[in-house]
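Structural overview
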Amino acid sequence: MKREHFVVRLNNVRKTFVMGNNRVDALKGISMEIAQGEYISIMGPSGSGKTTLFNMIGALDKPSEGRVFIDEVDVSQLDAYELAWLRCHKIGYIFQTFNLIQAMTAIENVTLPMIFAGVHRDEYMEKGMMLLELVGLKERAWHRPSELSGGQQQRVAIARALANDPAIILADEPTGNLDLKTGAEIIKLLKSLSRERGVTIISATHDIKMIDVSDRVVWIRDGMIERIESRDKLKVSVGEVA
Amino acid sequence: MVDHGKLSRQIVLPWHQVLRIAWQSVKIRWTRVAITTLSLMLAITFFSYTLMTFDILNAIWPHASDILRHKIILAGYEPLGLSSGHRVFGASAKDIWLLMLAILVCLVGITNAQIMAVTERFREIGTMKCLGALDTFIVKIFLCESLYQGTAGSLAGAFLGIMLALISLAFKLGLKVFFFISVVSMLKNVGVSFIISVILSLLGVLYPCVMAARMEPAIALRHEI
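First, a word on scope: everything that follows refers to the structure included in this document. (Residues numbered from 1 in each chain as written. Chains lettered and ligands numbered in written order. Predicted model: local features only at pLDDT ≥ 70, side-chain atom pairs only at ≥ 80, totals over all residues. Heavy atoms only, no water.)

Here we look at the pairing of strand β10 (residues 224-230) of chain A
Consecutive side chains along a regular strand alternate between the two faces of the sheet. Residues and elements named next belong to chain A. Inspection of the sheet shows strand β9 (residues 216-221) paired to β10 by six bridges, in the antiparallel sense. What sits directly across from R216, in β10, is S230. The turn linking β9 back onto β10 is made up of two residues, and D222 within it adopts a positive phi angle of 50 degrees. (Pairing = 2+ DSSP bridges. Helix = DSSP H or I, 4+ residues; strand = E, 2+ residues; numbered from the N terminus.)

Written as C-alpha cells, this is what we have:
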C-alpha cells in the first residue's frame, strides 16, 4: 500500500512544562496528519494547548515526547542549521501580535527571509514588491510598522510569511488583534492563498469565521484532540449551533 | 545568481546586511543608545583627560621656568620623580585605582543597560529565528550595535577628555600649554580610548545577547515585558 505524503505529521506528541514543583501537561499525546494544500483550523478554549501545538508544528519548540514530521522529515533529528533552513524555506509564520521588526520598513520586513535564504538583492526587492502588491500594500512599502494599522501590519506579516514560497503557513490567532471586518479580510486573503498557491494553512484560532473557510477543524481540549471535523460535517454542526 | 534550494543547510547573513540591520536598530532606539553611549563616554573622558594632562605636563616640564614649575606643583600635580627625563608625571597608584574603578563601574552599567535592551527585544529575536536566523546572526547584530556605541563613546569621550585637559591646564598654567600639544600623543590617546571603549561595550553585550540568541523561538516569542 502506498503511503500518502503528509506535509505535517504528529505522532503522539506530548509537552510538559515544569514550573517550580508544578508539572503542566500542555499536550497529552496528539497524533494527526495534514495533507498538502489543506486549510486547517485548530480551535479550542484558551489554555487548551493551541499555541503549544502551533509551536510544535512550527518547529519552534521541542516536544517532551513523540515526534513531529515536516515533509516526512523528523524535526528532532535536525541540527541548528537544518532547523533554520526549515523555518526559512518551508514554513511561514503569522502571529496574533504581527511581530514585524519595528526598526525595519514593510519591504525590509518582507525581504528579510529572502536575505537569509541568500537571494540576490534585485531578485528579493522585486519579489518583495510583488508580495506587497499581492496583499495590497505596495504604496506603503517604505513605511515602518508603527505607521501602519493593525490590519496593514498583519498583511505585511502575511507577505513576509510567503517570501520563500513555503509549503506551510502557520498562523497563531491571526485575527485575534483585529476588528471583525479586518479579520474577515485577513481570513479571505489566507483562503485565496491556500486555493491559488496550494499552500497548506494551519491556523490556531478562536475566531468562528475561520470555520467557514476551513477544510478541517481540529478541536483541542485539555491538551488532547477532542474531535476533528471535516468540511461537510462542519456545515451540519455549525448549522445546528446557529 | 545564487543557487538556493539545493543545499539544505545554507542560511546566510552577509556582513553588509549585519551592519545595515544593526544601524537601523541603533537609529530607532536613539535615546536608549545615547544613554549607554553616554556612560561609556564618561569613563573614556576621565581616562583620556588623565592621559592628556600627564602628556602635556611631561612635554612642558623640561622647558618650564622655575616659576612655571612652581605653578604646576601648586596646581596639585606632583612629579613622580625629580629626574629631568621625559616621564616626570604619570598616573600614581591612586590615579590608576580611580581609573580602574571608573572602567569597572562603566562595565557594570553597560551590562545592566544591555540586559534590559536585549530583554526588551526577545520577541524580535524570536521572530528573526522564525524567519530562519541562526543564533550567530543575532549575536553578530548585537555585537555590531555595541560596536557602533563603543566607537561613538570612545570618539566623543576622547575628544571631551582632551578638550577638558587642555582647558583646565590653560586655565591653571596659561595659554603656553597649547604650544606643547603633540599630535602623536593625541592620536595615541584616541587609539587607546577606542580600544578600551570597544572592549567595554563588547563585554557588556556579550552575555545578554548570547543568552538571548540561544533561546528556543517559542520561549522568546512568549516573552512579555
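Now that the structure has been shown, we can carry on.
Re the pattern of salt bridges
Residue and element names in this part refer to chain A. For the structure shown, the criterion picks out 23 salt bridges over all chains. In this structure, the salt-bridge partner of E72 is R9, at a minimum N-O distance of 2.9 Å. In this pair, E72 is assigned in the loop between β4 (65-70) and β5 (73-74) and R9 in strand β1 (residues 6-19), connecting sequence segments 63 residues apart. Residue classification places R9 among the buried residues on the basis of a relative accessible area of 13%. The partner of K209 in a salt bridge is D207, and the shortest N-O contact between them spans 3.1 Å. The exposure class assigned to D207 is buried, which follows from its relative accessible area of 14%. One salt-bridge network, held together by shared partners, links R221, E226, R227 and E229. (Salt bridge = Lys/Arg side-chain N within 4 Å of Asp/Glu carboxyl O. Buried < 20%, exposed > 50% of the residue type's maximum accessible area, 1.4 Å probe, protein only.)

Topic: the sheet that holds β5 of chain A
All names here are of chain A. Taken in spatial order, the four strands line up as β2-β1-β4-β5 in an open sheet, and their pairing is antiparallel. Looking along the sheet, the strands with just one partner apiece sit at the ends: β2 (22-35) and β5. Note that β1 and β4 share five bridges and pair antiparallel. Among the inter-strand pairings, R14 is bridged to a residue of β4, identified as E65. Against the sheet, helix α1 (residues 50-57) engages β1, β2 and β4, with an angle of about 125 degrees to β1. (Contact = heavy atoms within 4.5 Å. Axes fitted to C-alpha atoms, helices over the stretch in contact; angles between N-to-C directions.)

Everything listed here is a matter of coordinates, which is why it stays silent on function.
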